[in-house]
Amino acid sequence: MAMEKMGVLMTCPMLSYLEEELNKRFNLFRFWEAPCKSEFLTRNSDSVRAVVGNAFFGADSDLIDALPNLEIVSSYSVGLDKIDLAKCKERGIRVTNTPDVLTDDVADAAIGLALATLRRICVADGFVRRGSWKNADFELTTKFSGKLVGIIGLGRIGSAIAKRAEAFGCPISYHSRSKKPNLNYKYYSSVVDLAANSEILIVACALTEETRDIVNRKVLDALGPKGILINIGRGAHVDESELVAALIEGRIGGAGLDVYQTEPEVPEQLFGLENVVLLSHAASDTVETCMAMADLVIANLEAHFLHKPLLTPVL
């Protein structure tokens, strides 16, 4: 079958460049435009050979079951928690994601959140814009350089964060499934122990059943009233109600958050807290990285349909 006849289902709106390029190369189905999803799937299920999803809407068991000729899921994201990998493996469906190209941006964002939270950059910006500087000096903030940084998950992104934090003179420690060889960073087998020995705790691991709610009340209490939590992983890594309570009660010093449990919903209690910096799951959202991610999605699809090796295979 010619490439332009291959049916590709895009689950939700993504980068317009990606949508345009998919439309040029394939027979593109825009799932979000279907007024009735079940009717759409009944009518088009046999035509769909590929799914393009992202961190918000991937390929769950129901969608996979509804697509009998599905061959590949190409994710416009590095995370895989929105894809039923077990079902894909069972069906022999290939899966790809977009690792590496977004590592630098996410690591940059983690450091930016730490700086913005500790130095209260967003609050200071408002202070100047309101004209308050004419009447008083802004209050003293907390330095970032030299702080004890603990990282949950020392994969590609966690390692890139560690490298950046080292440049600020920060001693690095970490928790992961196992101790990494040939590293000078201190390893903690317990997240609670890592938090107790950190002034900034950064969540950078993949979301699995084991890491869901990995930051709970015990971890937050171990981090303590001067500790800062940074989350650029997934919202489900953190027990959100416990985080809100810890912030309101002053049991931790602040938080910089890019992700939340039920996006795009964010706990309203956070909006009034000046020691919290909030992003909209945008850590990797730069023009350069989003274009590179889109090109990688397309390249994986083309490789698959041309029977060539996938560039970034997961399955």
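Residues numbered from 1 in each chain as written. Predicted model: local features only at pLDDT ≥ 70, side-chain atom pairs only at ≥ 80, totals over all residues. Heavy atoms only, no water.

- By the naming in an unreviewed UniProt entry, the chain goes by Hydroxyphenylpyruvate reductase and is assigned to Datura stramonium.
- According to the UniProt record, the Sequence similarities (unreviewed entry) comment for the chain is "Belongs to the D-isomer specific 2-hydroxyacid dehydrogenase family." (UniProt positions renumbered as here; feature names shortened; annotations may be inferred.)

1. Things to note about the sheet that holds strand E10 (residues 228–231)
In step 1: An order of E8-E7-E6-E9-E10-E11-E12 is seen for the seven strands of this open sheet, with the pairing classed as parallel. Both outer strands of the open sheet, strand E8 (186–187) and strand E12 (276–278), are each paired with one neighbouring strand and no more.
In step 2: Where E10 lies against strand E11 (residues 254–257), four bridges are found, and the strand directions are parallel. Bridged to Ile 228 within E11 is Gly 254.
In step 3: Sheet strands in contact with helix H7 (residues 156–167) are strand E6 (149–152), strand E7 (172–175) and strand E9 (200–203), and its direction is about 170° off that of E6. (Pairing = 2+ DSSP bridges. Helix = DSSP H or I, 4+ residues; strand = E, 2+ residues; numbered from the N terminus. Contact = heavy atoms within 4.5 Å. Axes fitted to C-alpha atoms, helices over the stretch in contact; angles between N-to-C directions.)

2. Quick word on the side chain of Ser 75
In step 1: Mapped onto the elements, Ser 75 comes out in strand E4 (residues 72–75).
In step 2: Excluding residues that lie within four positions of it along the chain, Ser 75 makes contacts with Gly 53, Asn 54, Ile 83, Thr 96, Asn 97, Thr 98 and Val 297.

3. Brief notes about unusual backbone geometry
Glycine aside, residues mostly have negative phi angles, and peptide bonds mostly take the trans form.
In step 1: The residue after Glu 263, namely Pro 264, is reached through a cis peptide bond having omega 5°.
In step 2: One can find Pro 264 in the loop between E11 and E12.
In step 3: Despite not being glycine, Asp 100 shows a phi value in the positive range, around 70°.
In step 4: Turning to its location among the elements, Asp 100 is positioned in the loop between strand E5 (94–96) and helix H5 (103–118).
In step 5: Assessed through its relative accessible area of 49%, Asp 100 is described here as partly exposed.
In step 6: Phi is positive for Arg 120, which is not a glycine, with a value near 55°.
In step 7: Looking at the element boundaries, Arg 120 is found in the loop between H5 and helix H6 (121–129).
In step 8: Among the residues examined, Arg 120 registers a relative accessible area of 15% and is labelled buried. (Buried < 20%, exposed > 50% of the residue type's maximum accessible area, 1.4 Å probe, protein only.)

4. Details of the UniProt feature "domain: D-isomer specific 2-hydroxyacid dehydrogenase NAD-binding" (unreviewed entry) in the chain
In step 1: Residues annotated in UniProt with the feature "domain: D-isomer specific 2-hydroxyacid dehydrogenase NAD-binding" (unreviewed entry) correspond here to residues 111–283.
In step 2: The annotated region residues 111–283 carries 29% helix and 14% strand content, and the separation between its end C-alpha atoms amounts to 11 Å.

5. What about the side chain of Glu 240?
In step 1: Mapped onto the elements, Glu 240 comes out in helix H10 (residues 240–248).
In step 2: Here Glu 240 occupies a buried position and makes no salt bridge, while the nearest side chain of opposite charge, Arg 212, is found at 11 Å. (Lys, Arg positive; Asp, Glu negative; His and termini not counted. Salt bridge = Lys/Arg side-chain N within 4 Å of Asp/Glu carboxyl O.)

6. A closer look at the pattern of salt bridges
In step 1: This model, assessed by the stated rule, comprises 19 salt bridges.
In step 2: Taken together, the shared-partner salt bridges in this structure form one network comprising Arg 217, Asp 221, Glu 242, Glu 249 and Arg 251.

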